[in-house]
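# Tertiary structure, described
Each chain, written out:
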Amino acid sequence: MPAHFVGRERDLAVLDGLEAGRAGSGTAPLVVVSGPGGVGKTALASCWLRSRSEEFPDGQLYTDLLGHSAGGQALWTEAMGQFLRALGVTQVPSEPAERVALWRSVTAPLRLAVLLDNAFSAAQVRPLLLGGQGSLVAVTSRYRLTGLGPDGAGFHQLGPLAVEDAVALLSRGIGPERVRREPAEARRVVALCAGLPLAVCLAAARLASRPRQPVRAMARALEREAERLSTLAVEGDSAVRAALDESYAVLGPDTARLYRLLGLLPVRVFETGLAAAVGALAFAEAERLIDALVEGSLVEDAEAGVFRFHDLVRLHAAERCEAEEPGPRRDEALRRAADWYLATATAAQRLLTPAQATMERTYRYPPQEPPAFEDESAALGWLDARRADLLGVVRMAADRGWDDSAWMLVDALWPLFQRLRYYELWIEAHRLGLSAARRAGRRAGARRMLTSGAIGLSAAGRLDDAIAWYQEALRDARESNHARDEGQSLLGLGACHREAGRPAEAVPYLRRAVAVWEGAGYPRGAALARIVLGELAELGGEIRTALGHYRAARDALAELPEPYETARAQAFLGRALAAAGQAEEGLALLGQALTVFEETGATHWQARTLEMLGESAERSPGAGRRTARGHYERSLALFTSYSADDAERVRERLARLGPDTPGVPDSPDGPGVPDGPRGPEAD
């Protein structure tokens, strides 16, 4: 058992009993662990769930609800979106009620363990409860959260360590011989630490770094700090702060300075590159200083090269920074952080969506070592893992009047929005970015915020708002004589009218977009508009016209090259060919497109292509009903996880096929109905 769990065996047994007592209640067992800061709630709950991982084969989920964060509590809707995407849902509903319904339906058949860490209230937790009986939810909080009693919660108040257990924990850190030499002083140290594991570990780390220092010296130091901090009202905080002040007092000047500056950041975790930027340090020097903070138990490893503070430690670091760093230095550190995030997100954008990475970037403090990513997966993974921190940096930049940093960072986050569809973040970020670009007098930046933001509004079903944003962008593009932005606005307006069921209004916008982009020498944009025109022609029964649009789009995109967009055009072309009686060629093209989407992890387009394969199989003499059913069932399995409307459409297709009766010939039916068109990818 890890050192932090000395004396916690009884608590682990209590949690086992609480969970067992709630089995068979019809809902997932719910256990709440409460206690003061630094008492080890998160460590206990994490250890408990990890020890039972085999009981939950569908995985374990974690989120920090930031119940005591200076930046405010996390929204349960954001946490739920994070969980759904971790379970493979690629398009999460924007409406809270729809999101809860999807969460309950997705989790009902699963066996999951979920840790909701640092909760503030029962209301923050309740929507995140699971829909099935085979899972387990653990919640940690400084509050007892008795409001969760009607939800079937079992409660455990975690107290400080007993004196002997706390001494044993200290002994783990400094060695049993030192404790045997000064047993009374060791007991005095743990008493001054109030039996809180975090405080004991901090004291142990301080003593371990000074092997010749007697334990009584630590006791005397803590006594002085305890007197100074005796007026603090938050239970447990005084003991932790006393240990923190003692640990901080012996840091080297450079280490202490970095500690202070990192405490300012509006982020949950930090990387060595960010620390180097904030402290204006070489990367190797930042590594050395972080190692010293880790050795002193002031910073903990979150993952390779990524670190975090305990919330009380972060608060302490921020307080020391406010007290010791003048305002201009604090501003410089935060501006350096904003520039580092902008440079890193831009590196991801240029790798993931190079055709869209066209806007300028300006930096007050360019990072000394420009960030880089090994591949697309690493770039998208970083954007996803840091999305909450990135939005926090956007807010910080906007609040501080760093308007160029704010809107440019929003622009750099385009791959995150396009591929992972975080609608709330997408829309909020673009509202902030649009205001910032306007304040900065950046017309081109404001147009980018309008068109990229409108795509998010449209994807979230807010078509009227999206149309208003596109119209504003179109007016400004024409006034500025900017053909590329004019084409993007026209494409967006056409797509919105199409989604609203107004094809007659959509077509003129799309044709004009093709003309504008071809005149400006931008074949990629013209190809994207042709795909949408092809969809509309196909829905209207004009197959030859649709084939012409799809072929032109595919050929133009293949020359650029644009493998993802080429596969989209190829999928539509394959379906149209099958509808025109050229089933063999059509099915081959659809199969090739499906391979691309599987390799890139594009779940939505995998599902759509499988549905198209099902339609085409229905039409093909060589395929037929049974083959179509297999494609539809695979498509339905993917759609069910994130799109109720798409899933219902595929269910209707399966119902029209009738039962799969053994012995009945697998003969093809008539042509299926093309699925409804979707919004365009962004320019």
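The following paragraphs examine the structure supplied in this document. Note on numbering: residues in each chain are counted from 1, in written sequence order. Totals for whole chains, interfaces and linings use all residues, but because this is a predicted model, local features are given only for residues with pLDDT of at least 70 and pairs of side-chain atoms are given and counted only at 80 or more. Values reported for side chains reflect all heavy atoms of the structure, with hydrogen atoms and water molecules removed beforehand.

## Examining the overall build of the protein chain
Helical segments are the DSSP runs of H or I of at least four residues, strand segments are the runs of E of at least two, and each set is numbered from the N terminus. Check the secondary structure of the protein chain and you find 32 helices and 8 strands. C-alpha atoms define the radius of gyration in this analysis, and the globule rule sets the expected value at 2.2 Å times the number of residues to the power 0.38. Relative to the compact-globule value of 26 Å for 683 residues, the protein chain shows a C-alpha radius of gyration of 29 Å, a close match. Projected onto its principal axes, the C-alpha coordinates of the protein chain cover approximately 90 × 65 × 40 Å. Look at the contacts in the protein chain between residues 6 or more apart in sequence, and 67% of them connect residues 24 or more apart. On the protein chain, roughly 27800 Å² of surface is accessible, and the fraction owed to carbon and sulfur atoms is 51%. By the convention used here, residues are in contact when the closest approach between their heavy atoms is within 4.5 Å. A 1.4 Å probe and the Shrake-Rupley method give the accessible areas. Residues count as covered only by the protein chains that appear here.

## Quick look at the pattern of salt bridges
Pairs may arise between side chains of opposite charge once their charged atoms sit close together. Any carboxyl oxygen of Asp or Glu within 4 Å of a side-chain nitrogen of Lys or Arg constitutes a salt bridge here. Here the structure, examined in full by the defined rule, presents 54 salt bridges. Salt-bridge contacts for Asp151 lead to Arg126; the nearest nitrogen and oxygen are separated by 2.9 Å. Here Asp151, found in the loop between β4 (136–141) and β5 (153–157), pairs with Arg126, found in the loop between α5 (122–125) and β4; they are 25 residues apart in sequence, far enough to count as distant. For every residue, the accessible area obtained with a 1.4 Å probe (protein chains only) is divided by the maximum for its type, and the residue is called buried under 20%, exposed over 50%, and partly exposed between those limits. The class for Asp151 is partly exposed, based on a relative accessible area of 25%. Notably, a salt bridge pairs Glu271 with Arg386, separated by 3.0 Å at the nearest N-O pair. Residue Glu271 is found in strand β6 (residues 270–271), and its partner Arg386 is found in the loop between α17 (376–385) and α18 (387–399); the two are separated by 115 residues along the sequence.

## A look at the sheet that holds β5
What links the strands of a sheet is backbone hydrogen bonding, and the strands pair in either a parallel or an antiparallel sense. Any two strands are treated as partners once DSSP identifies two or more bridges connecting them. Pairing is parallel across the open sheet formed by 5 strands, whose spatial order is β2-β3-β4-β1-β5. Looking at which strands have only one partner, the edges of the open sheet turn out to be β2 (60–64) and β5. Averaged over all neighbouring strand pairs, the angle between strand axes comes to 15 degrees, with direction disregarded. Both strand β3 (residues 113–119) and β4 contribute to a ladder of 5 bridges, which runs parallel. Residue pairing in the sheet places Leu116 in a bridge with Val139 of β4. Where helices are involved, their axes are fitted lines through C-alpha atoms of the stretch in contact, as for all axes, and angles between N-to-C directions lie from 0 to 180°.

## Topic: the nonpolar core
Soluble globular proteins tend to bury their nonpolar side chains together. What we call a nonpolar core is a set of buried Ala, Val, Leu, Ile, Met, Phe, Trp, Tyr and Cys residues that are connected through their side-chain atoms within 4.5 Å. Counting 149 residues, the largest nonpolar core has Leu170, Val189, Tyr259, Phe270, Leu383 and Phe417 as its most contacted members. Looking at this core element by element, the count peaks at 10 residues for helix α16 (residues 327–352). Leaving out residues up to four positions away in the same chain, Leu170 has contacts with Ala186, Val189, Val190, Val200, Ala204 and Leu207. By size, the runner-up hydrophobic cluster in this structure holds 29 residues, among which are Leu65, Leu112, Ala119 and Val137.

## Focus: the packing of aromatic side chains
In summary, the pairing rule links any two rings of Phe, Tyr or Trp, Trp by its six-membered ring, whose centres are within 6.5 Å, and it sorts them by plane angle into stacked for under 30 degrees, edge-to-face for over 60 and tilted for everything else. A full pass over the atoms with the stated rule returns 18 aromatic pairs. When the ring of Trp340 is compared with that of Tyr341, the centres are 5.1 Å apart and the planes differ by 85 degrees; the resulting orientation is edge-to-face. Overall, the relative accessible area of 6% leaves Trp340 in the buried class. Among the aromatic residues, those joined into a cluster by ring pairs are Tyr248, Tyr259, Phe270, Phe307 and Phe309.

## Quick look at helix α27 (residues 543–559)
With 17 residues, α27 extends 24 Å between its outermost C-alpha atoms, agreeing within 8% with the 24 Å of an ideal straight helix rising 1.5 Å per residue. Among the residues of α27, those classed as buried are Ile543, Ala546, Leu547, His549, Tyr550, Ala553 and Leu557. For α27, the arc enclosing every buried residue in end-on projection is 165 degrees, short of the 170-degree limit, so these residues lie on one face. Projecting away from the buried face of α27 at angles above 90 degrees are the exposed residues Arg544 and Glu559. Turning to α27, the residues buried within the fold contact α26 (523–539) and α28 (563–579). Each residue after the first adds 1.5 Å to the expected span of a helix. The arc in question is the one spanned by the directions pointing from the helix axis to the C-beta atoms.

## Some details on the pairing of strand β7 (residues 300–303)
Bridge analysis of β7 against strand β8 (residues 306–308) gives 3 bridges, and the strand direction is antiparallel. Note on β8: the bridge partner recorded for Glu300 is Arg308. Counted along the chain from β7 to the antiparallel partner β8, the turn is 2 residues long, and its residue Gly305 has a positive phi close to 75 degrees.

## Here's the deal with the sheet that holds β8
Strand order in the open sheet formed by 3 strands is β6-β8-β7, with antiparallel pairing between adjacent strands. Edge positions in the sheet fall to β6 and β7, since each has one partner strand and no second. Pairing analysis gives 2 bridges linking β6 to β8, with the strands arranged antiparallel. Each bridged residue has a counterpart across the sheet, and for Glu271 the counterpart in β8 is Val306.

## Quick notes on the side chain of Arg649
Summarising the element assignment, Arg649 is placed in helix α32 (residues 644–657). Only 2.8 Å separates the side chain of Arg649 from the side chain of Asp646, close enough to count as a polar contact. Identification of polar contacts relies on pairs of N or O atoms within 3.5 Å, with a donor-acceptor requirement for protein atoms, meaning one able to donate a hydrogen and the other able to accept it, and with residues adjacent in sequence counted only if both atoms are side-chain atoms.

## Notes on the packing of α18 against helix α21 (residues 423–439)
Viewed as axis vectors pointing N to C, α18 and α21 meet at an angle of 25 degrees, and their least axial separation amounts to 10 Å. Here α18 lies roughly parallel to α21, going by the angle between them. Seen along the crossing, α18 lies across α21 with a hand that is left-handed. Each of Arg387, Leu391, Val394, Arg395 and Ala398 in α18 lies in contact with α21, whose residues at this interface are Leu425, Glu428, Ala429, Leu432 and Arg439. Amino acids are sorted into nonpolar (Ala, Val, Leu, Ile, Met, Phe, Trp, Tyr, Cys and Pro), charged (Asp, Glu, Lys and Arg) and polar (every other residue, Gly among them). The residue inventory of the contact of α18 with α21, partitioned by class, reads 6 nonpolar, no polar and 4 charged. Each angle gets one of four labels, with under 35 degrees taken as roughly parallel, over 145 as roughly antiparallel, 65 to 115 as roughly perpendicular, and the rest as oblique. In a left-handed crossing the near helix is turned counterclockwise from the far helix by less than a right angle, and in a right-handed crossing that turn is clockwise.

## Here we look at a negative patch on the surface
Patches here are clusters of residues that have more than 30% relative accessible area and form no salt bridge, with a 9 Å joining cutoff for like charges and a 5 Å cutoff for nonpolar side chains (Val, Leu, Ile, Met, Phe, Trp, Tyr). For the charge count, each Lys or Arg is scored as positive and each Asp or Glu as negative, with His and the chain ends excluded. In plain terms, the charge of a residue is placed at NZ if it is Lys, CZ if Arg, CG if Asp and CD if Glu. Taken together, the side chains of Glu287, Asp291, Glu295 and Asp301 make up a negatively charged region of the molecular surface. Examining the composition of the negative patch, we find that 3 residues originate from one element, helix α14 (residues 283–295), more than from any other. Structurally, Asp291 can be placed in helix α14.

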